[in-house]
Amino acid sequence: MNVSKINSHNIELDRMERANIQYKREEDYRKVIEKKNIEMIITERVERNMRLDRDKGRYIDVEV
C-alpha cells in the first residue's frame with residue numbers, strides 16, 4: 001500500500017512538472033510572437049514615415 005501511494009505521488013509530481021514546462025513553453029512563444037508583432041508595427045511606421053517624407057511637397061495646392 002505504501003509503494004502505491006509513493007507511485008501515485010510521483011506520477012502527480014511528474015504531471016505537475018509537465019504542465020509547468022508546457023506553460024513556460026507557451027509563455028515563451030507568446031513573448032516571441034509579441035516581439036515580432038511590435039517589430040512589424042515599428043517597421044510599418046518607419047516605412048510610412050519614409051514614404052511621407054519622400055512625398056513632401058508633391059501635393060501642393062497651387063490655387064491658394
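Use the structure listed above.
Okay, so let's go over this structure. All chains use their own residue numbering, which begins from 1 and follows the written sequence. Selection of residues for local features in this predicted model requires a pLDDT of at least 70, selection of side-chain atom pairs for listing and counting requires 80 or more, and totals for whole chains, interfaces and linings are taken over all residues. Side-chain metrics rest on all non-hydrogen atoms present in the structure, leaving aside hydrogens and water.

## Remarks on the overall build of the protein
Phase 1: The way it works is that DSSP assigns letters per residue, a run of H or I at least four long becomes a helix, a run of E at least two long becomes a strand, and they are numbered from the N terminus. When you go through the protein residue by residue, the secondary structure sums to one helix and zero strands.
Phase 2: Remark: exposure states derive from per-residue accessible area (1.4 Å probe, protein chains only) relative to the maximum for the residue type, with buried under 20%, exposed over 50%, and partly exposed in between. Among the 64 residues that make up the protein, the fraction classed as buried is 0%.
Phase 3: Using the Shrake-Rupley algorithm and a 1.4 Å probe, accessible areas are obtained, with residue cover drawn only from the displayed protein chains. By element, 55% of the accessible surface of the protein is carried by carbon and sulfur atoms, the whole surface being about 6700 Å².

## What about the pattern of salt bridges?
Phase 1: In the sections that follow, a salt bridge refers to a side-chain nitrogen of Lys or Arg positioned within 4 Å of a carboxyl oxygen of Asp or Glu. One pass over the structure, following the stated rule, counts four salt bridges.
Phase 2: For the salt bridge of R15 with E12, the shortest nitrogen-to-oxygen distance reads 2.6 Å. With R15 and E12 both in helix α1 (residues 2–55) and three residues apart, the pair spans about one turn of that helix.
Phase 3: Classification of R15 by relative accessible area gives partly exposed; the value is 48%.

## Side note on a nonpolar patch on the surface
Phase 1: Here the term patch refers to residues with relative accessible area over 30% and no salt bridge, with like charges joined within 9 Å and nonpolar side chains (Val, Leu, Ile, Met, Phe, Trp, Tyr) within 5 Å. A surface patch of nonpolar side chains, amounting to about 360 Å² of accessible area, comprises I38, I42, V46 and M50.
Phase 2: Examined against the element boundaries, M50 turns out to sit in helix α1.

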